[in-house]
There are 2 protein chains.
Amino acid sequence: MSKNITTRAEDYSKWYNELVVKADLAENSGVRGCMVIKPYGYAIWEKLQAELDKKFKETGHQNAYFPLFIPKSLFEAEEKNAEGFAKECAIVTHYRLKNDPDNPGKLMVDPDAKLEEELIVRPTSEAIIWNTYKNWIQSYRDLPILINQWANVVRWEMRTRLFLRTAEFLWQEGHTAHETKQEAVAEAKQMQDVYADVVENFMAIPVVKGFKTETERFAGADDTYTIEALMQDGKALQAGTSHFLGQNFAKAFDVKFVNKEGKQEYVWATSWGVSTRLMGALIMTHSDDNGLVLPPKLAPIQVVIVPIHKTDEQLQQITDQVDVLVAELKKIGISVKFDDRTNLKPGWKFNEYELKGVPVRIAVGPKDMENGTYEIARRDTLTKEVVSKEAALDYISGLLEDIQANLFNRALTYRDEHITEVNSFDEFKEVLDTKGGFISAHWDGTPETEEKIKELTKATIRCIPLNRVAEEGKCVYTGAVSAGRVLFAKAY
Amino acid sequence: MSKNITTRAEDYSKWYNELVVKADLAENSGVRGCMVIKPYGYAIWEKLQAELDKKFKETGHQNAYFPLFIPKSLFEAEEKNAEGFAKECAIVTHYRLKNDPDNPGKLMVDPDAKLEEELIVRPTSEAIIWNTYKNWIQSYRDLPILINQWANVVRWEMRTRLFLRTAEFLWQEGHTAHETKQEAVAEAKQMQDVYADVVENFMAIPVVKGFKTETERFAGADDTYTIEALMQDGKALQAGTSHFLGQNFAKAFDVKFVNKEGKQEYVWATSWGVSTRLMGALIMTHSDDNGLVLPPKLAPIQVVIVPIHKTDEQLQQITDQVDVLVAELKKIGISVKFDDRTNLKPGWKFNEYELKGVPVRIAVGPKDMENGTYEIARRDTLTKEVVSKEAALDYISGLLEDIQANLFNRALTYRDEHITEVNSFDEFKEVLDTKGGFISAHWDGTPETEEKIKELTKATIRCIPLNRVAEEGKCVYTGAVSAGRVLFAKAY
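The model shown is predicted, which means the values in this text are computed figures rather than measured ones. (Residues numbered from 1 in each chain as written. Chains lettered and ligands numbered in written order. Predicted model: local features only at pLDDT ≥ 70, side-chain atom pairs only at ≥ 80, totals over all residues. Heavy atoms only, no water.)

### A few points about the overall build of chain A
Note the cut-off: Note on conventions: DSSP H or I runs of at least 4 residues are helices, E runs of at least 2 residues are strands, and numbering of each starts at the N terminus. Residue burial is assigned from relative accessible area. The probe radius is 1.4 Å, only protein chains are included, and a residue is buried under 20% of its type maximum, exposed over 50%, and partly exposed in between. Lys and Arg are tallied as positive, Asp and Glu as negative. Neither His nor the chain termini are counted. To locate a charge, the coordinates of NZ of Lys, CZ of Arg, CG of Asp or CD of Glu are taken.
In terms of regular secondary structure, chain A is built from 14 helices and 27 strands. Projected onto its principal axes, the C-alpha coordinates of chain A cover approximately 80 × 70 × 55 Å. Out of the 492 residues in chain A, the part that is buried amounts to 59%. If you average the places of the 62 positive and of the 75 negative side-chain charges in chain A, the two averages end up 2 Å apart.

Have a look at this one:
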């Protein structure tokens, strides 16, 4: 397996596109902007799904499923939300094809099968879900409703990139309903914490927790809580958002409940989601010029064993010994593959597993058999050690933990080195152009200034960090008074 | 909780519709023909999914994900498949809404955002998948491809019913590619076996394994293997199908490979699927006039414990004791709920859990506390026993197995009693009208006779059983020669 990937230094964007395809994660399909998620990429997504799903259930949520389609009249009910998504949605207008009389063997849309009301393919499901919740909620006893759905959604993006921005993508969307504002805000924050936990401790991607400015908020939300990650090229990536929706959807869909005092009140709402976009964040946080680097907790194959042999007899001896190790590893829950294909050279296999980011690679040849050792290589640092076969099990299990921690710490160091405080707009522009990363700067709080800075630099306010310290200062652009710093960055 | 469901004897169809809604499984949505799968229904589906997914992986399949949309030109490539689905598909024609100038606050389809080529919302994914496989397959070394996808699909059915026939439904679809015809046929049969295994041993629904006549085959298949179940009202339900697709899709999408002899050959294919329709089969196989009856292996809650008390002190004593039992049950992997809500009466709870089909219900009151006993009721037979608290754990765990076995055996007895051999058309009609079920009859093998019988009786050939014995006979309708019996039934 020859890798032949463009290096990151040469062209980061090209490196990314090539890696996604060559590591068998995903590829473009015959449908504009829609991707095929290949088995290896999907196996990573499944592990991430399982972890998220577990956390959702631990925090009291249940899964359900709502329709793919949203009738136009429901779609437009919450005006801001509708406005936010109207420009990029797929619309079903007909429900039948017929034989095309002018083109034998071809089909055409049957004009007699026009829908009375157009259906929007969901770009997000608040509208259809709140239209449903309306019938589920009469009294405070029906609250809270804590539901999540795993689904596909469609946003007709003009420029698409595998995982990062696709017309169709997979995600989960939580939609909750509450008695009080306080409870809904607490839920939105809790889910931000759940996301940060999984992304940091499972994907090994450090994030900044914050909330969005009005401009960057989800269409229809009163507040958007976000987790922001930093990619190796100095651009930020929004890794997950959790929205406090206030009573906006309750009002749009007339969802009221009788509270404990016997009074009618509108229900309070949240929604929150992460998507296959996280796969892009994963790749751009850890991988290198040799290919993918996967945190052990997400790797479909955590350990691969490659035999090195000249004769069938040697292979048999290696196999007999490796079978024991494989069984021991499986017993302690480590996923392992013994690649004993004889039509491929060890070097080819090494390259392949490097490209696919397998965290630990074990090589075992005749010399190892003589000495009772394994050669154990780690993908993150590309270093290797010779380990006695008696010590191998403990070594591997410790190594996987080390790699998980090392990936997080390495990314954290990079991220922390790329948060730069600036106090003038010249400095702002210079740091952005030379170093990139997050720029911590004072801002006067107006959408106008935010827009102007974006126009001049392409940097947007990624978030107002939750843990920012109160600090009087002057807006980096207008010089007007500011109560604290916000994080700017160019973003995916 | 008052159940108030129509009885099965009164109106089976109404009973079904009411039960689905009252047991919180699913409901109709604001979108024509599309359902909302509610958390309780979805939890059952998730358990079924997990079991199927495990079996797919054990038989060497991997999951992946392909686009929701199929461009019209790909959709029409395999003519029989296209013809089979063209009359009932949702079609995306536009990708943007805009403000409607004539109706302030309303949106309209933007005529300037018409797609160059219409997109069909997948009714099944052979077309988009074979268009993808084309790029994945060059040599016999690239085969077999063994992929499954969990997805939503859309078929624009005119008459819909919750779970049984909905415009959108959830399913899995396996799509495999092989070197030889033999291997593809073996795969199709293997997946029929996997389906039969899960449906019988997990859902406790007995099935007949067979294959379809040409008329009833999947559009684009050379052979369709099916598992057919029998519902309580004597109607059959197709529970899963596995198709040998021959080289039809390979030819339509020009997918060739170089075989071991160095020659170009078209690839052999299968596809196979089961859907949320199985939820309908589950309900109509086991449930009764009191509500849902769930096989323990599929029940989200296997055991519910209801305290019976007058004072807070009594409840505390019961809770202390029950906490131990709950921990013990969880330890051996039994899902249990202690319903200590004080605002609802025990009788209300009993009704609720009967309606929801919880397999085992434990009641514990002051008398039980005195005697050191539990009252343990089983949902399938609605009988109960008093069991000492020391024996409870073993008793419950045995009882869950008993219930699982009893549900299967009960359904098997019913099914076997409802396979009737007939030798004349009068008998055929009489059995169909009075007893229903499967009718085992000779058929002359022609689509014309099949069609005629369907026209006269509404019965179709559900399958040609795999295990049928060779038996010379005369067609029940035409009297022409027949080589063996086939199974007719009215079907969902």
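From this point on, the discussion continues.
### Focus on the relation of the copies chain A and chain B
Both copies of the chain are related by one operation, a rotation about an axis with a shift along it. As a reminder of what qualifies: We place the copies in one frame by least squares, fitting the C-alpha atoms of every residue whose pLDDT is at least 70 in both. Pairs of residues are marked as contacts when any of their non-hydrogen atoms sit within 4.5 Å.
Once chain A is rotated about the relating axis by 180° and shifted along it by 0.0 Å, it coincides with chain B to within an RMSD of 0.0 Å. Here the two chains are linked by the operation of a two-fold rotation axis. Considering only C-alpha atoms, the residue of chain A closest to the rotation axis is V92(A), which sits at 2.1 Å. Interface overlap between copies: 100% of the residues of chain A at the interface are likewise at the interface in chain B, consistent with a symmetric, same-surface contact.

### Re the side chain of T449(A)
Relative to the assigned elements, T449(A) resides in helix α14 (residues 447-457). Beyond its immediate sequence surroundings of up to four residues, T449(A) is in contact with W443(A), D444(A), C475(A), Y477(A) and T478(A).

### With respect to the sheet that holds strand β4 (residues 69-71) of chain B
This is how it is decided: At least two DSSP bridges between two strands are needed for those strands to be called paired. Only the stretch in contact is used when a helix axis is fitted, and all axes are lines through C-alpha atoms; the angle between N-to-C directions ranges over 0 to 180 degrees.
Here we have six strands laid out as an open sheet, ordered β4(A)-β8(A)-β5(A)-β5(B)-β8(B)-β4(B), and antiparallel in their pairing. The two strands at the open ends of the sheet, each matched to only one other strand, are β4 (69-71) of chain A together with β4 of chain B. The average angle at which neighbouring strand axes cross in this sheet is 45°, direction not considered.

### Here's the deal with the pattern of salt bridges
Residues and elements named next belong to chain A. Defined as follows: Each reported salt bridge corresponds to a side-chain nitrogen of Lys or Arg within 4 Å of a carboxyl oxygen of Asp or Glu.
Summed over all chains, the structure comprises 62 salt bridges over all chains. A salt bridge links K38 to D24; its shortest N-O distance comes to 2.9 Å. Of this pair, K38 sits in the loop between β2 (35-37) and α2 (39-58) while D24 is found in the loop between α1 (12-22) and β1 (26-28), placing the two residues 14 residues apart along the sequence. Ionic pairing is found between R485 and E421, a salt bridge with its closest N-O pair at 3.6 Å. Taken together, the positions of R485 in strand β27 (residues 485-489) and E421 in strand β22 (residues 419-421) put the pair 64 residues apart, joining distant regions of the chain. For E421, a relative accessible area of 47% corresponds to the partly exposed category. Within the structure, one salt-bridge network assembled from shared partners comprises D24, E27, K38 and K356.

### A closer look at the pairing of strand β20 (residues 373-378) of chain A
Residue and element names in this part refer to chain A. Counting buried residues in β20 gives five out of six residues, a clear majority hidden from the surface. Bridge count between strand β19 (residues 360-364) and β20: four bridges; the pairing is antiparallel. The residue of β20 that forms the bridge with A363 is E375. For β20 and strand β21 (residues 383-388), the ladder comprises six bridges, and the chain directions are antiparallel. In the sheet register, Y374 faces β21, and the bridge partner there is V387. The turn linking β20 back onto β21 is made up of four residues, and L382 within it adopts a positive phi angle of 60°.

### Notes on the sheet that holds strand β16 (residues 268-275) of chain B
All names here are of chain B. The strand order across the open sheet formed by 11 strands is β3-β9-β10-β16-β13-β12-β11-β24-β27-β23-β22, and the pairing between neighbours is mixed. Edge strands, defined here as strands with exactly one partner in the open sheet, are β3 (62-63) and β22 (419-421). With two bridges connecting them, β3 and strand β9 (residues 145-154) associate as parallel partners. Each bridged residue has a counterpart across the sheet, and for Q62 the counterpart in β9 is I147. In the packing of helix α6 (residues 181-201) onto the sheet, the strands contacted are β9, β10 (168-178), β11 (208-211), β12 (223-230), β13 (236-246) and β16, and the crossing angle to β16 comes to about 10°.

### A word on the interface of chain A and chain B
Just so we agree on the cut-off: Here a polar contact is taken to be a pair of N or O atoms separated by no more than 3.5 Å, where protein atoms must pair a possible hydrogen donor with a possible acceptor and residues adjacent in sequence count only if both atoms sit in side chains. Under this grouping Gly is polar, as are all residues other than the nonpolar Ala, Val, Leu, Ile, Met, Phe, Trp, Tyr, Cys and Pro and the charged Asp, Glu, Lys and Arg.
Listed as interface residues are 62 residues of chain A and, on the opposing side, 62 residues of chain B. For the pair chain A and chain B, the interface holds four salt bridges. Taking the shortest distance from any N to any O, the salt bridge between E46(B) and K57(A) comes out at 3.2 Å. Seen at the junction of chain A and chain B, the total is 30 residue pairs in polar contact (both at pLDDT 80 or more). Looking at the side of chain A that touches chain B residue by residue, the classes come out as 37 nonpolar, 10 polar and 15 charged.

### So, the nonpolar core
Note the cut-off: Nonpolar core, defined: a set of buried Ala, Val, Leu, Ile, Met, Phe, Trp, Tyr and Cys residues in which side-chain atoms within 4.5 Å join the residues together.
Among the nonpolar cores identified, the biggest contains 102 residues, and F69(A), F69(B) and W130(B) are the most heavily contacted of them. Sequence-distant contacts of W130(B), defined by excluding residues within four places in its chain, comprise T176(B), A177(B), F249(B), A250(B), F253(B), V255(B), V267(B), W268(B) and A269(B).

### Concerning the environment of F211(A)
All names here are of chain A. Examined against the element boundaries, F211 turns out to sit in strand β11 (residues 208-211). We classify F211 as partly exposed; its relative accessible area is 28%. Along the primary structure F211 and E401 are separated by 190 residues, whereas in three dimensions their C-alpha atoms are 32 Å apart. When neighbours within four sequence positions are excluded, F211 is seen to be in contact with D223, T224, Y225, T226, C463, I464 and L466.

### What to know about the UniProt feature "domain: Aminoacyl-transfer RNA synthetases class-II family profile" (unreviewed entry) in chain A
Counted only if it meets this: UniProt positions are given in the numbering used here, feature names are shortened, and annotations may be inferred rather than shown by experiment.
The feature "domain: Aminoacyl-transfer RNA synthetases class-II family profile" (unreviewed entry), as given by UniProt, occupies residues 27-295 of chain A in the numbering adopted here. Helix makes up 29% of residues 27-295 of chain A and strand makes up 32%, while its end C-alpha atoms are separated by 22 Å.

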